[in-house]
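# Examining the three-dimensional arrangement
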Amino acid sequence: AQKVTQAQTEISVVEKEDVTLDCVYETRDTTYYLFWYKQPPSGELVFLIRRNSFDEQNEISGRYSWNFQKSTSSFNFTITASQVVDSAVYFCALSYYFTGANNLFFGTGTRLTVIP
Amino acid sequence: DVKVTQSSRYLVKRTGEKVFLECVQDMDHENMFWYRQDPGLGLRLIYFSYDVKMKEKGDIPEGYSVSREKKERFSLILESASTNQTSMYLCASSLGGGRETQYFGPGTRLLVL
């Protein structure tokens with residue numbers, strides 16, 4: 001069974017602090033993809049990153065970085081020097097490789113509030 | 001630029017009404033999806049379509065149907081709306097296959113009275 005767990009329901013940080021959002025997944029497949037999406041108050045899910053199971057290199061994009069560790073089945077997301085505009089709900093998701101049509105398994109999300 | 005649009009941002013309907021939610025994508029994607037999002041439950045897949053006139057049930061299809069007559073358009077239909085269908089509905093599309101990223105529309109907040 002596929003499962004994505006985001007244990008942190010809500011996090012509050014003060015602006016300019018660093019914050020890490022945790023994501024732990026379960027799958028028996030050796031080939032899969034992991035995603036992070038951001039959902040601001042407007043409601044639209046914005047794609048942030050996709051990572052395949054064979055690529056464990058960490059990735060950095062501006063203030064965002066992602067740490068993928070297969071040994072612990074985790075795909076954590078760090079925001080450095082947080083800003084008020086980072087306030088949103090963040091979703092981690094897992095998808096199969098060998099499906100006829102894409103099917104994402106979402107975690108329940110982490111609500112991040114950045115306090116000015 | 002990736003673009004998925006949904007016909008309404010907010011919708012108020014009465015119990016028993018037939019409700020149509022429309023989604024259009026301009027990326028020539030094969031796959032389209034309908035999710036609903038509820039507090040504490042995350043996103044749950046209602047239906048998806050991998051080709052014109054093709055559809056597959058997701059995790060919670062009861063009370064819903066879908067229609068895909070053209071590649072770019074995917075409609076979600078609530079045959080007889082009920083109050084437990086009050087929710088946020090999100091449409092998405094992707095090129096195809098498990099590796100591809102799903103791109104989402106802005107969502108429709110539906111209130112059924």
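A brief structural summary. Keep in mind it's a predicted model, so treat the numbers as computed, not measured.

The next subject is the state of the cysteines. Under the counting rule described, the total for this entry stands at two disulfides over all chains. Between the sulfur of Cys23 of chain A and that of Cys92 of chain A lies a disulfide, 2.0 Å long from S to S. Between Cys23 of chain A and Cys92 of chain A, the S-S dihedral sits near -65 degrees, and the bridge is therefore left-handed. Taken as a pair, Cys23 of chain A in the loop between strand S3 (19–21) and strand S4 (24–26) and Cys92 of chain A in strand S10 (residues 88–96) lie far apart in primary sequence, 69 residues in all. Across the pair, exposure class does not vary: Cys23 of chain A and Cys92 of chain A are buried alike. The disulfide that involves Cys23 of chain B links it to Cys91 of chain B, with 1.9 Å between the sulfurs.

With that settled, consider the side chain of Gln6 of chain B. All names here are of chain B. Residue position: Gln6 is located in strand S1 (residues 4–6). A polar side-chain atom of Gln6 sits 3.1 Å from the main-chain carbonyl oxygen of Tyr89. Within the structure, the side chain of Gln6 is placed 3.0 Å from the backbone nitrogen of Gly107, a separation counted as a polar contact. Discounting residues that sit within four places of it in the chain, Gln6 has contacts with Glu22, Trp34, Tyr89, Leu90, Cys91, Gly105, Pro106, Gly107 and Thr108.

On the side of chain A, 24 residues touch chain B, which itself brings 26 residues to the contact. Our enumeration of links across chain B and chain A arrives at one salt bridge. Residue Arg50 of chain A is joined to Glu100 of chain B by a salt bridge in which the shortest nitrogen-to-oxygen separation is 4.0 Å. Sorting the residues of the side of chain B that touches chain A by element identifies strand S4 (31–38), strand S5 (42–49), strand S9 (87–94) and strand S10 (103–104) of chain B as the ones contributing at least two each. Looking at the side of chain B that touches chain A residue by residue, the classes come out as twelve nonpolar, ten polar and four charged.

All names here are of chain A. Within the chain, Lys16 stands out as a residue other than glycine whose phi angle is a positive 85 degrees. You can see Lys16 is positioned in the loop between strand S2 (10–14) and S3. Its identity is not glycine, yet Ala81 carries a phi of approximately 50 degrees, on the positive side. If you trace the backbone, Ala81 turns up in the loop between strand S9 (74–79) and S10.

Criteria and cut-off values
- Residues numbered from 1 in each chain as written.
- Chains lettered and ligands numbered in written order.
- Predicted model: local features only at pLDDT ≥ 70, side-chain atom pairs only at ≥ 80, totals over all residues.
- Heavy atoms only, no water.
- Disulfide = S-S within 2.5 Å.
- Helix = DSSP H or I, 4+ residues; strand = E, 2+ residues; numbered from the N terminus.
- Buried < 20%, exposed > 50% of the residue type's maximum accessible area, 1.4 Å probe, protein only.
- Polar contact = N/O pair within 3.5 Å; in protein donor to acceptor, adjacent residues only side chain to side chain.
- Contact = heavy atoms within 4.5 Å.
- Salt bridge = Lys/Arg side-chain N within 4 Å of Asp/Glu carboxyl O.
- Nonpolar A, V, L, I, M, F, W, Y, C, P; charged D, E, K, R; others polar.

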